[in-house]
Amino acid sequence: DQQVKQNSPSLSVQEGRISILNCDYTNSMFDYFLWYKKYPAEGPTFLISISSIKDKNEDGRFTVFLNKSAKHLSLHIVPSQPGDSAVYFCAALRQGAQKLVFGQGTRLTINP
Amino acid sequence: EAGVAQSPRYKIIEKRQSVAFWCNPISGHATLYWYQQILGQGPKLLIQFQNNGVVDDSQLPKDRFSAERLKGVDSTLKIQPAKLEDSAVYLCASSLVGGSSYNEQFFGPGTRLTVL
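Residues numbered from 1 in each chain as written. Chains lettered and ligands numbered in written order. Predicted model: local features only at pLDDT ≥ 70, side-chain atom pairs only at ≥ 80, totals over all residues. Heavy atoms only, no water.

**Student:** Whenever I open this one, the interface of chain A and chain B confuses me. Can you help?
**Tutor:** In many reports, interface size means the accessible area that the parts give up when they come together. Contacts between the two partners involve 18 residues from chain A and, on the opposite side, 26 residues from chain B. Ranking the residues of chain A by area buried against chain B places Gln98, Lys99 and Phe102 of chain A at the top, with a combined share of 38%. The interface formed by chain A and chain B includes 1 salt bridge. Viewed at the interface, chain B and chain A are joined by 5 residue pairs in polar contact (both at pLDDT 80 or more). Mapped by element, the contributors of at least two residues to the side of chain A that touches chain B are β4 (30-38) and β9 (86-94) of chain A. No other element matches the 4 residues that β4 of chain A contributes to the side of chain A that touches chain B. Taken together, the residues of the side of chain A that touches chain B sort by class into 10 nonpolar, 5 polar and 3 charged. (Contact = heavy atoms within 4.5 Å. Buried area = accessible area lost by both parts, 1.4 Å probe. Salt bridge = Lys/Arg side-chain N within 4 Å of Asp/Glu carboxyl O. Polar contact = N/O pair within 3.5 Å; in protein donor to acceptor, adjacent residues only side chain to side chain. Helix = DSSP H or I, 4+ residues; strand = E, 2+ residues; numbered from the N terminus. Nonpolar A, V, L, I, M, F, W, Y, C, P; charged D, E, K, R; others polar.)

**Student:** Please explain the state of the cysteines as it appears in this structure.
**Tutor:** By definition, a disulfide links the sulfur atoms of two cysteines through a covalent bond. Under the defined criterion, the tally for this structure stands at 2 disulfides over all chains. Across the disulfide from Cys23 of chain A sits Cys90 of chain A; the S-S distance is 2.1 Å. Between Cys23 of chain A and Cys90 of chain A, the disulfide has an S-S torsion of -75° and is therefore left-handed. A residue pair is termed long-range when its members are at least 10 positions apart, and Cys23 of chain A in strand β3 (residues 19-25) and Cys90 of chain A in strand β9 qualify at 67 residues. Note on accessibility: Cys23 of chain A and Cys90 of chain A belong to one class, buried. Across the disulfide, Cys23 of chain B is cross-linked to Cys92 of chain B (sulfur-sulfur distance 1.9 Å). Between Cys23 of chain B and Cys92 of chain B the sulfur-sulfur dihedral comes to about -70°; the bridge is accordingly left-handed. With a gap of 69 residues between them, Cys23 of chain B in strand β3 (residues 19-24) and Cys92 of chain B in strand β9 (residues 88-95) connect regions that are remote in the sequence. When sorted by exposure, Cys23 of chain B lands in the same class as Cys92 of chain B, which is buried. (Disulfide = S-S within 2.5 Å. Buried < 20%, exposed > 50% of the residue type's maximum accessible area, 1.4 Å probe, protein only.)

**Student:** What should I look at first to understand the pairing of strand β7 (residues 65-68) of chain B in this one?
**Tutor:** Regular strands have side chains that alternate between both faces of the sheet. Residues and elements named next belong to chain B. In this structure, β7 lies alongside strand β8 (residues 75-79), joined through 4 bridges in antiparallel fashion. Each residue of the ladder has a partner; that of Ala67, found in β8, is Leu77. Between β7 and β8, which follow one another and run antiparallel, lie 6 residues, and Gly72 among them has a positive phi close to 75°. (Pairing = 2+ DSSP bridges.)

**Student:** Even after reading the chapter, I still don't get the sheet that holds strand β7 (residues 62-67) of chain A, so can you show me in this structure?
**Tutor:** By definition, the strands of a sheet pair up through backbone hydrogen bonds, in either a parallel or an antiparallel sense. Residue and element names in this part refer to chain A. If you trace the 5 strands from one edge of the open sheet to the other, you get β1-β3-β8-β7-β6, paired in antiparallel fashion. Here the strands that pair on one side only, and so sit at the sheet edges, are β1 (4-5) and β6 (56-59). Two elements, β1 and β3, share 2 bridges in a ladder whose sense is antiparallel. Across the sheet, the residue bridging to Lys5 is Asp24, located in β3.

**Student:** Sorry if this is basic, but what is going on with the nonpolar core here?
**Tutor:** Across soluble globular proteins, nonpolar side chains show a tendency to be buried alongside one another. Counting 24 residues, the largest nonpolar core has Val4, Phe33, Trp35, Leu73, Leu75 and Tyr88 of chain A as the members making the most contacts within it. Those elements giving two or more residues to this core turn out to be β3, β4, β5 (45-51), β7, β8 (72-77), β9 and β11 (106-111) of chain A. Beyond its immediate stretch of four places on either side in the chain, Val4 of chain A contacts Cys23, Asp24, Tyr25, Phe30, Cys90, Ala92, Val101, Phe102, Gly103 and Gln104 of chain A. In this structure, Phe21, Ile47, Ala88 and Tyr90 of chain B belong to the second largest nonpolar core, which totals 21 residues. (Core = buried A, V, L, I, M, F, W, Y, C linked by side-chain atoms within 4.5 Å.)

Pasting the structure below:
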């Protein structure tokens, strides 16, 4: 029962261009969504989040968009930099809970 | 501020052996989580502690996995006996006490377990 899905295992983008990572969820009880970034041999680190009462949240080069009707969210990185090369996980939470439900991850490679 | 510490970083064992992992959370963090991340998948929560009590262990395979957090600080996760499918990275995370709003979880570097 994969409640959070990232259907693209990998993505390759040229430096300076936009990276768009996608995530779909099935559980309508989720009301808070997060993106985590993971480098090899390190634990995931929090990147950006969005509450279900919003449809957009921006932090510097990172913007997360939420489409509740489609149960879809996306992470935009503009402009992409080589240091952005990592695995990105989408995660979701139910209201009042602390249990993160993760997607499978997307490996982003930024090419110079 | 020191982060979440885990040891060992790597462990190789044979199936049917036992293994234990240790985690020391960020000072002051009452909530501690153990996740299992199998290659190609996202982390899956195994168990959540608040202080020394279990909040959620619904996805912990209790026939072979056990975890404790006796003094409400550091924690150990044990597998006995290990199976091939237990090969994974075991991540520990901690956060301030839970509540109605989300408290950011900080992850340790993980322990990579290989079962042969």
